[in-house]
Each structure stands twice: as structure tokens, then as C-alpha cells.
Amino acid sequence: MKIFLIGLFLSSFLTSVVAQPPVGSKAPDISLPNNKGEIIKLSSLKGKVVLLDFWASWCGPCRQSNRKMVSLYKQYKDKGLEVFAVSIDGNKNAWSNAVQQDKTEWLQVIDVKAERGNELTQTWNLQYIPSTFLIDKEGTIIAAGPQKDELEKWLKRLL
């Protein structure tokens, strides 16, 4: 019990010290490889509205979110929406299989070192996945963790 309480205290202390990039701030850049090994930068999507999605193949809620996003992406991709999905999988094969199974057509990149925590997870202060951020055409974070209804309202306003 004592160890649990210490862990809980440290977790809440670190969460208050290291916060996610706030809404209204510029999105920190991300440069990661896609399934072909090509480096894709988040900043290369400037001029589009971007849904940044942190996920993993082993995360059930992430996979459900992928399936729900397919129709929304098809509806808005030609209007200027891009999804930049960052997998924190430690296993590239599991990630690749999940992308195929979920029929995701958006940009997919992977950081195999993020599963255990690294600079990426610290910069974005990922406490759980899926974690999503909506980024406007200028690269500013305008929403953190928007649910489908809120996301659609933003997309109708921005696109």
C-alpha cells in the first residue's frame, strides 16, 4: 500500500510538472518513419487541419477509435483533413498488421522506442492512449482529446 501511495503521489506530481503542450500553443514537431522507412514530419502538413493520434496495435480502445475514424476521414480528407497517426508499438509487424486490419488510409508512423517512454512521450506527456490533438492549418493545437461530436464541429468550422 505504501508503494502504491508513493507511486500515486509521484504520478500526480510529475503530471503537474510535465504537462501536455497546451491548447493554443504550436505543436512540437514529430519526425518518424512510415512503413517504408521514409521519415515523415508533422510540420510537413502545415496548411492542413491535422488530427494527431497516438495509438498502439495492442490497445483495444485505439483500435476501436481507428475503425470509427475511417468514415470521418473519408468524409473530410478531400476538404483538407489529414490524420497523423503515431504508433508507440514496440513491434513493427504488429503495427503493420493492425494498420491493414483497420483499413486506415491516413499517414501512419511508428516510434518503436516510445512503448517504454522516451522523448516523444515526454514532450507530449502521454499518460494514456489513444491520445489525440487537433491542430489547425498554422500548426497550433486547438483541441486535446476531442470526441467525435466535438471533432466534427471543429472540422465543419475549420474546413
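Details of the structure are given in the entry above.
Let me begin by describing the structure that accompanies this report. As the structure is a prediction and not an experimental result, all values here were calculated from the model.

1. So, the packing of helix α2 (residues 60–76) against helix α5 (residues 148–158)
Look at α2 against α5: their axes get within 12 Å of each other, and the N-to-C directions meet at 10°. Relative to α5, α2 is oriented roughly parallel. Contact residues: Met69, Leu72, Gln75 and Tyr76 in α2; Leu151, Glu152, Leu155 and Lys156 in α5.

2. A look at the state of the cysteines
Within the structure shown, the criterion is met by one disulfide. The disulfide partner of Cys59 is Cys62, and the gap between their sulfur atoms is 2.4 Å. An S-S torsion of about 75° defines the bridge between Cys59 and Cys62 as right-handed.

3. Considerations on α2
Along its 17 residues, α2 runs 25 Å from first to last C-alpha, staying within 8% of the 24 Å computed at 1.5 Å per residue. Of all the bends in α2, the greatest measures close to 35° and is centred on Met69. Turning to α2, its buried residues number three or more, namely Cys62, Arg63, Asn66, Met69, Val70, Leu72, Tyr73 and Tyr76. Of the surrounding secondary structure, the elements contacted by the buried residues of α2 are β3 (49–55), β4 (81–87), α3 (92–102) and α5.

4. Comments concerning the packing of aromatic side chains
A full pass over the atoms with the stated rule returns four aromatic pairs. Seen from their ring centres, Phe54 and Trp124 are 5.7 Å apart, and the 50° between their planes marks the pair as tilted. In this pair, Phe54 sits in strand β3 while Trp124 sits in the loop between α4 (119–123) and β6 (131–135), placing the two residues 70 residues apart along the sequence. Across this residue pair, the class does not change: Phe54 and Trp124 are buried. A ring pair is formed by Tyr73 and Trp106, whose centres lie 5.3 Å apart and whose planes are at 70°; its orientation type is edge-to-face. One end of the pair, Tyr73, is in helix α2; the other, Trp106, is in the loop between α3 and β5 (107–110), and 33 residues separate them in sequence.

Each value, and the rule that gives it
- Residues numbered from 1 in each chain as written.
- Predicted model: local features only at pLDDT ≥ 70, side-chain atom pairs only at ≥ 80, totals over all residues.
- Heavy atoms only, no water.
- Axes fitted to C-alpha atoms, helices over the stretch in contact; angles between N-to-C directions.
- Helix = DSSP H or I, 4+ residues; strand = E, 2+ residues; numbered from the N terminus.
- Parallel < 35°, antiparallel > 145°, perpendicular 65-115°, else oblique.
- Contact = heavy atoms within 4.5 Å.
- Disulfide = S-S within 2.5 Å.
- Expected span 1.5 Å × (residues − 1).
- Bend = angle between axes of the 7 residues up to and from the residue.
- Buried < 20%, exposed > 50% of the residue type's maximum accessible area, 1.4 Å probe, protein only.
- Phe/Tyr/Trp six-rings, centres within 6.5 Å; stacked < 30°, edge-to-face > 60°.

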